[in-house]
Amino acid sequence: MNIRRSKLSATMSRSPRNNGQMNKWLAVLAAVLLLNAVYTIPTTLRSPSFVDDNESDRTLPESDTKDAHVSTDHVPNDALAQAPKSKEEHITNEVSEETNATSNEKVGDGAVTMKAHSSKEAKKPHGSGQILIQIGANDGKQGNVKIVKDILESKNSRAVLVEGNPSVFQLLEQNVISLYDDTLKRIIPMNALVCEKGQTLSFFIVDDQKLESGIKIRLPHWVRYQISSLNRESVESGLTHFFRIKQLTKTHNIDDYIKIQKIDCTSVEDIMSSHDIDAAEVDVVAIDTEGYDAHIMLQILKVANLKPHTIIFEYKSAINLYPIEFEEVMKGLESRGYITNCPEIMGSSGGQRKCKDQQDVIATLLS
């Protein structure tokens, strides 16, 4: 036996070719053992690269979902699939295509089973021949989402653009004439404040001339035109942010640059009737009133036959300033057959809305 081993060793040491073959076999064996070890690791412990992204029925581990339950009847596919990147980019497919799918997704910390079925189609092609009511139109140019832009630019669509701030309204009228409709018959600017009819409310406006002369700085567009509201706290918040940026908090008092105007309220019904618009004809309602959106939405939900295909209103200010009214609006939309990008997630701390787009609520009518 010792003689044979010594001969074999001597033969191997004399043959580089034999050494190379043995090294190849050892390498193959090591690779086989490694692959076997990887594919016997439990799925939940594997690297994400080993998980099939096409699995549509994935759920979270039981430990992650034990205390989480998500309401799933009103979650739109597109809204869960990808959050828009900016206010101008969102709302593209929601208004031109109808959701008709059933799939599973994950939202926040809980597993969502999403069910959205409808054979109802949008009333008209995207942006073409539609009727828009925009409340808080600003200057008609800045901050418009895509569907609003499309309607304003379509020659056979109609719109009423409502703006409460008198000074901003002048700029709105100029922009409508120069950009969309020089006759002011297809696109109609309207200087009005939407609130409960019969009331006269305080409207809080930045005194831009006084502020600009006081700080000796040219004001940006959003300070000059975009932070007026029925809610004083919203205006104060906007000015506080600007003062921090420019380091003015120690030298200037915010209250000195807020002026108050008393304005009579106009109802949504009056806006439509004064421009010969039937509630059932309205396709899109867009609202951006710096914190008062939830109150206007509650008024809209009371209007008979007003069920536009798409409703858009600001999310953050509404939920932060008026969380009770915001939730009432969301429940009202869902009960009327709308799906939104803000599903309610139930967890150990209670229910909470999670909006995929951090700027706006997007509600789409399915039935």
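Predicted, not measured: the structure shown is a model, and the values here were computed from it. (Residues numbered from 1 in each chain as written. Predicted model: local features only at pLDDT ≥ 70, side-chain atom pairs only at ≥ 80, totals over all residues. Heavy atoms only, no water.)

### Remarks on the nonpolar core
Reasoning step 1: Of all hydrophobic cores here, the largest spans 47 residues; its most connected members are Met-272, Met-297, Phe-313 and Leu-333.
Reasoning step 2: For this core, the element with the highest residue contribution is helix H11 (residues 293–300), accounting for 5 residues.
Reasoning step 3: In contact with Leu-333, not counting residues within four places along its chain, are Met-297, Leu-301, Ile-311, Phe-313, Tyr-338, Thr-340 and Ala-363.
Reasoning step 4: Among the nonpolar cores identified, the runner-up in size contains 17 residues, and Ile-147, Val-148, Leu-152 and Val-284 belong to it. (Core = buried A, V, L, I, M, F, W, Y, C linked by side-chain atoms within 4.5 Å. Buried < 20%, exposed > 50% of the residue type's maximum accessible area, 1.4 Å probe, protein only. Helix = DSSP H or I, 4+ residues; strand = E, 2+ residues; numbered from the N terminus. Contact = heavy atoms within 4.5 Å.)

### Notes on the pairing of strand S9 (residues 258–266)
Reasoning step 1: Direction of pairing for strand S7 (residues 193–194) relative to S9: parallel, over a ladder of 2 bridges. Bridge pairing links Leu-193 to Cys-265 in S9.
Reasoning step 2: Judged from the 7 bridges that link them, strand S8 (residues 200–206) and S9 form a sheet pairing that is antiparallel. Across the sheet, residue Leu-201 finds its bridge partner in S9, namely Ile-263. (Pairing = 2+ DSSP bridges.)

### Thoughts on helix H9 (residues 232–245)
Reasoning step 1: Along its 14 residues, H9 runs 20 Å from first to last C-alpha, staying within 8% of the 20 Å computed at 1.5 Å per residue.
Reasoning step 2: Of all the residues in H9, the buried ones are Ser-234, Val-235, Gly-238, Leu-239, Phe-242 and Phe-243.
Reasoning step 3: Residues of H9 that are buried in the fold lie against S8, helix H7 (208–215), helix H8 (221–225), S9 and helix H12 (316–321).
Reasoning step 4: At the N-terminal boundary of H9, the capping side chain belongs to Asn-231, with an oxygen 3.0 Å from the backbone nitrogen of Glu-233. (Expected span 1.5 Å × (residues − 1). Polar contact = N/O pair within 3.5 Å; in protein donor to acceptor, adjacent residues only side chain to side chain.)

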